[in-house]
Amino acid sequence: MMIGLKTAALLPTGLAIWLAATTPAAAVLAYISNEKGNTVSVIDTESWTVTATIKVGQRPRGIEVTRDGKSVLVAVGDDDTVQVIDVASQKVVDSLPSGPDPELFTQDAAGKVLYVANENDNTVTVIDLDKRTRIGDVQVGVEPEGMAISPDGNILINTSETTNMAHFIDTKTRQIVANVLVDARPRFAEFKRDGSELWVSSEIGGTVSVIDPVKKVVTGKIEFEIPGLRREAIQPVGIGMTKDAKIAFIALGPANRVAVVDAVSHKVIKYLLVGQRVWHMAFTPDEKYLLVTNGVSNDVSVIDVAAQKVIKTIQVGELPWGVAIPQR
Amino acid sequence: MIWWLIGALGWWAVTSSALAADPVTINIGYLRQAGTQATLSLLDQPSEDDGIAGARLAIEDNNTTGRFLNQQFKLDDVRLKDGDDPAKAARELAGDHAFIVADLPPDALLKAADAIRDSGAVLFNVKDPDDRLREANCRANVIHIAPTRTMLADALAQYLVWKQWKRWLLVVGSHDSDKLLADAYRRAAARFGAKIVQERVFEDTGGARRTDSGVALIQRQIPVFTQQAPAYDVLVAADESEVFASYLPYRTWDPRPVAGSAGLRPTGWDASQDQWGAIQIQNRFVKLNSRHMTATDMQAWLATRMIGEAASRTASGDRNAILTFLKSPDFSIAGFKGQRLTLRDWNLQLRQPILLVDGRMVVSVSPQEGFLHQFSELDTLGVDRPETKCRLQ
């Protein structure tokens, strides 16, 4: 694989893109941000090996692929910016004016606007991705963190970790239209694809709140119970839902497990043992596999989605945190 | 900038139209004594606003949250001078402050608590570690945020035992508070399987903590004081009075680490703590106060945040609603220590992990792995329910 990569690097960029476009199945790569290593590990999801390690800024955490698949964005909190990795050259080529200590962010459907949570000054920063300029701020609660955009693009969700709310922000007016109180330290927000439910994980509260996005109220709570584990160790963080919204996976942090949840009944089906302090996750585009990052054990677990089993563990950099996989 | 302005105006419009009523105001009092204790190290000298600086940050945090709920938080500071009566001050404050954050010594704290018993107001003890305030002298209107001496001693003992440093040379100061701390270390040694091979008392003979030729004298004094000890792994110092402990490291007769009141210290908070999102509160604190955050600052932040948290959960500024929520099993607070913090219902002590710090870094966090408990591992620290002498009333 290393030889393959070197060959690809020698090819003209146009040819490399052409190759990637014609062989999409073989080219699916996963990008892992390593919080302590200040690197992004690149995993080939065919061979399940690390094919490259990209040097980035300090404390990389939130990571996403742009809608056009050309770039990977990574929030480097201690450098107060979001860096842009060029997928073709696998190098940092630019940075975005995010505001201080960015952690998580989300894009609109068109990939034109980026919304970034800035933990240090209680704001969500709005960035024009084409011009790479800051076009606005929204004042939110204390320690903004989780970010999600509704499938219809009308509502941006931001969770604030010390205020303990999901803030509903109108994407047109950039005003807060509702605030929904959830359990302590809300870290991540995820919509069902049909927009019928918004899920918010509360790390310290130990629950996932299910919110009706129309009524803007909590309609249910997913709780977790693992024999032999005390309640305090169960700390839900990352959430992944299949496109058909039937099955969800929830990373439980220092419980070292991912909960598999029936997304319709909200019942936990089983717990999958993964590495230590599991953070975030991403599906391969065919939804066959789910990759989860294990912060303390410095590895990534690969879950077979249909079988609901962990099939592989891959060593990455120091303290892996986020994961992003191009969905085209 | 323009967008920011529009955003801010928009936000104002939403809050003012959707929440047309006047905001609910929640008054929080802060009761403390003037003057600070002299410390051996200049670096440990508490600032004039030690503690209340944390409460001020929590007021900011509460008000950020309060904007979305039409709640407003106010802090009023009362400093007792020498000879002022804490009972009188507490009574006056309790008139329009249902919640009083208290940084007072044990006697004054009890006087204040008893004076406001009928007012329905509640005190939050953010500084004093005295176990007796949570045991025989516990009060139903005092919530304890500061960890106790037994919690601190147990936290250190678990680590020393994990490290296999089980033979302790215990050096105790001659003041009452030092003796109480030594009791906590004796108890911890017995609970977790350490052995105190010998005890020595370091008499406070008076004298200044700062002299121009101090180091030369100490360098001769400490090796002599610690010589001819039985074989030991670690020296544990019980010196709450700041008389000798900080003189021990690097000066003991035998080359041994020092723990307790110097060296590896157990504490509720430290300026070097940066795990579990703590960097965010450290940054906010430094930005607001232009100095580092101490344990008392953190404890005052927690007390004030608990009031804010209860107000947002109950959507109320009513003292009874807030207090009922704080005392209910539903209450928990996030305190940047990796897990939820809750109240022990038998004595209203906040359960919390304890940091072990060396003055530069967090070395470890207790409870240590493997110290199990049927209810909460945090209850392996300090006096537990079956042993308590507290009957809340």
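In this text, all values refer to a predicted model and were calculated from it rather than measured experimentally.

Draft legend 1. Examining the overall build of chain B more closely. A count of helices and strands for chain B gives ten helices and 14 strands. In summary, chain B has a C-alpha radius of gyration of 22 Å against a globular reference of 21 Å for 393 residues, a match within 12%. In terms of overall dimensions, chain B has C-alpha extents of about 75 × 50 × 45 Å along its principal axes.

Draft legend 2. A look at the overall build of chain A. Per the secondary structure count, chain A includes two helices and 28 strands. In terms of overall dimensions, chain A has C-alpha extents of about 55 × 45 × 35 Å along its principal axes. Within the span of chain A, comprising 328 residues, buried residues form 53% of the whole. Taking the contacts inside chain A whose residues are at least 6 apart along the sequence as the reference set, 43% of them involve residues at least 24 apart.

Draft legend 3. Structural detail: unusual backbone geometry. Cis rather than trans, the peptide bond between B:Ser366 and B:Pro367 has omega equal to 10°. The topology assignment puts B:Pro367 in the segment after strand 14 (362-366). At A:Asp80, a residue that is not glycine, the phi angle is positive and equals roughly 55°. Relative to the helices and strands, A:Asp80 is located in the loop between strand 5 (71-76) and strand 6 (81-86). One non-glycine residue, B:Trp276, lies in positive phi territory at about 55°. Inspection of the secondary structure puts B:Trp276 in the loop between strand 10 (265-267) and helix 8 (278-289). What makes B:Trp276 partly exposed here is the crowd of 19 C-beta atoms within 10 Å.

Draft legend 4. Here's a closer look at the sheet that holds strand 2 (residues 39-44) of chain A. Residue and element names in this part refer to chain A. Taken together, the four strands give an open sheet; going across it, the order is 3-2-1-28, and neighbouring strands pair in antiparallel fashion. Both edges of this open sheet fall to strand 3 (49-55) and strand 28 (320-324), since each of them pairs with a single strand only. Here the average twist between neighbouring strands, direction ignored, is 25°. Looking at chain direction, strand 1 (residues 29-34) and strand 28 are connected through four bridges and run antiparallel. Following the sheet pairing, Asn34 is matched in strand 28 by Pro320.

Draft legend 5. Molecular detail of the sheet that holds strand 6 of chain A. All names here are of chain A. Here four strands make up an open sheet; going across it, the order is 4-5-6-7 and the pairing antiparallel. For this open sheet the edge positions go to strand 4 (60-65) and strand 7 (91-96), each flanked by a neighbour on one side alone. On average, each strand axis in the sheet is tilted by 30° relative to the strand beside it, whichever way the strands run. Bridging between strand 5 and strand 6 involves six bridges; their strand directions are antiparallel. When the bridges of strand 6 are listed, Val74 appears paired with Gln83.

Draft legend 6. Region of the structure containing the packing of helix 2 (residues 52-66) of chain B against helix 9 (residues 295-314) of chain B. Residues and elements named next belong to chain B. Direction vectors running N to C along helix 2 and helix 9 enclose 25°, while the axes themselves pass 6 Å from each other. Comparing their axes, helix 9 and helix 2 come out roughly parallel. Handedness of the helix 2/helix 9 crossing: right-handed. Contacts between helix 2 and helix 9 involve Ile52, Ala53, Gly54, Ala55, Leu57, Ala58, Ile59, Asp61, Asn62 and Thr65 from the first element and Asp297, Met298, Ala300, Trp301, Thr304, Arg305, Gly308 and Ser312 from the second.

Draft legend 7. Representation of the interface of chain B and chain A within the structure. On the chain A side, the residues contacting the 21 residues of chain B number 27 residues. Taken together, the elements giving at least two residues each to the side of chain B that touches chain A come down to helix 1 (2-18), helix 2 and helix 8 of chain B. It is helix 1 of chain B that provides the largest number of residues to the side of chain B that touches chain A, a total of seven residues. In terms of residue class, the side of chain B that touches chain A is built from seven nonpolar, eleven polar and three charged.

Draft legend 8. Up close: the packing of helix 5 (residues 149-162) of chain B against helix 6 (residues 176-192) of chain B. Residue and element names in this part refer to chain B. Put simply, helix 5 and helix 6 touch, their axes get as near as 8 Å, and they point 45° apart. Our classification of the angle between helix 5 and helix 6 gives oblique. In the packing of helix 5 onto helix 6, the handedness of the crossing is right-handed. Contacts from Arg149, Thr150, Ala153, Asp154, Ala157, Gln158 and Val161 of helix 5 reach helix 6 at Leu180, Leu181, Ala184, Tyr185, Arg187, Ala188, Ala189, Arg191 and Phe192.

Draft legend 9. Quick peek at the pairing of strand 19 (residues 217-223) of chain A. Residue and element names in this part refer to chain A. As paired strands, strand 18 (residues 207-212) and strand 19 are joined by six bridges and run antiparallel to one another. Its bridge partner lying in strand 19, Val208 is registered against Ile222. Where strand 18 folds back on strand 19, the antiparallel hairpin that results is connected by four residues, among which Lys216 adopts a positive phi of roughly 60°.

Draft legend 10. Quick peek at the environment of A:Leu290. Residues and elements named next belong to chain A. Counting through the fold element by element, Leu290 comes out in strand 25 (residues 289-294). We classify Leu290 as buried; it has 25 C-beta atoms within 10 Å. Between the C-alpha atom of Leu290 and that of Asp304, which follows or precedes it by 14 residues, the distance is 6.6 Å. The contacts of Leu290, once residues within four sequence positions are left out, are Gly240, Phe249, Met281, Phe283, Ile303 and Val305.

Draft legend 11. Helix 10 (residues 319-327) of chain B, seen in detail. All names here are of chain B. Of the positions making up helix 10, those classed as buried are Ile322, Leu323 and Leu326. For helix 10, the buried positions fall inside an angular range of 95° around the axis, keeping them on one side. For helix 10, the elements touching its buried residues are strand 4 (122-125), strand 5 (142-144) and helix 9.

Draft legend 12. View of the domain arrangement of chain B. Residue and element names in this part refer to chain B. By the assigned domains, chain B splits into domain 1 (2-147 + 270-352) and domain 2 (150-267). Centre-to-centre, using C-alpha coordinates, domain 1 lies 32 Å away from domain 2. Facing the eleven residues of domain 1 at the interface are nine residues of domain 2. Per-class residue counts for the side of domain 1 that touches domain 2 are five nonpolar, three polar and three charged.

Draft legend 13. Summary view of helix 5 of chain B. All names here are of chain B. Taking 1.5 Å of rise per residue, 14 residues should cover 20 Å, and helix 5 covers 20 Å from first to last C-alpha, within 8% of that figure. Here helix 5 lies mainly inside the structure; twelve of its 14 residues are buried. For helix 5, the complete set of buried residues consists of Arg149, Thr150, Met151, Leu152, Ala153, Asp154, Ala155, Leu156, Ala157, Gln158, Tyr159 and Leu160. The elements touched by buried residues of helix 5 are helix 6, strand 8 (234-238), strand 9 (258-260), strand 10, strand 13 (354-357) and strand 14. Residue Gln164 follows helix 5 closely and has a positive phi angle near 65°.

Draft legend 14. Region of the structure containing the environment of B:Gln45. Structurally, the position occupied by B:Gln45 is in the loop between strand 1 (24-33) and helix 2. Considered as a pair, B:Gln45 and B:Val365 are 320 residues apart in the sequence and their alpha carbons are 24 Å apart.

Draft legend 15. The arrangement of the nonpolar core in detail. B:Ile100, B:Val101, B:Ala102, B:Ala112, B:Leu156 and B:Tyr185 are the most contacted members of the largest nonpolar core, which totals 111 residues. By residue number, the principal contributor to this core is helix 9 of chain B, which donates ten residues. Here this core gathers at least three residues from each of two domains, domain 1 (2-147 + 270-352) and domain 2 (150-267) of chain B. Setting aside residues no more than four positions away along its own chain, B:Leu156 makes contact with B:Ala259, B:Gly260, B:Leu264, B:Pro266 and B:Leu356. One finds A:Ile32, A:Val87, A:Met147 and A:Val300 within the second-largest nonpolar core, a separate group that totals 95 residues.

Basis of the calculations
- Residues numbered from 1 in each chain as written.
- Chains lettered and ligands numbered in written order.
- Predicted model: local features only at pLDDT ≥ 70, side-chain atom pairs only at ≥ 80, totals over all residues.
- Helix = DSSP H or I, 4+ residues; strand = E, 2+ residues; numbered from the N terminus.
- Rg over C-alpha atoms; globule rule 2.2 N^0.38 Å.
- Buried ≥ 20, exposed ≤ 12 C-beta atoms within 10 Å, placed from the backbone.
- Contact = placed C-beta atoms within 7 Å.
- Pairing = 2+ DSSP bridges.
- Axes fitted to C-alpha atoms, helices over the stretch in contact; angles between N-to-C directions.
- Parallel < 35°, antiparallel > 145°, perpendicular 65-115°, else oblique.
- Left-handed = near helix turned anticlockwise from the far one by under 90°.
- Nonpolar A, V, L, I, M, F, W, Y, C, P; charged D, E, K, R; others polar.
- Arc of directions from axis to C-beta.
- Domains from an automatic or database assignment.
- Expected span 1.5 Å × (residues − 1).
- Core = buried A, V, L, I, M, F, W, Y, C linked by C-beta atoms within 7 Å.

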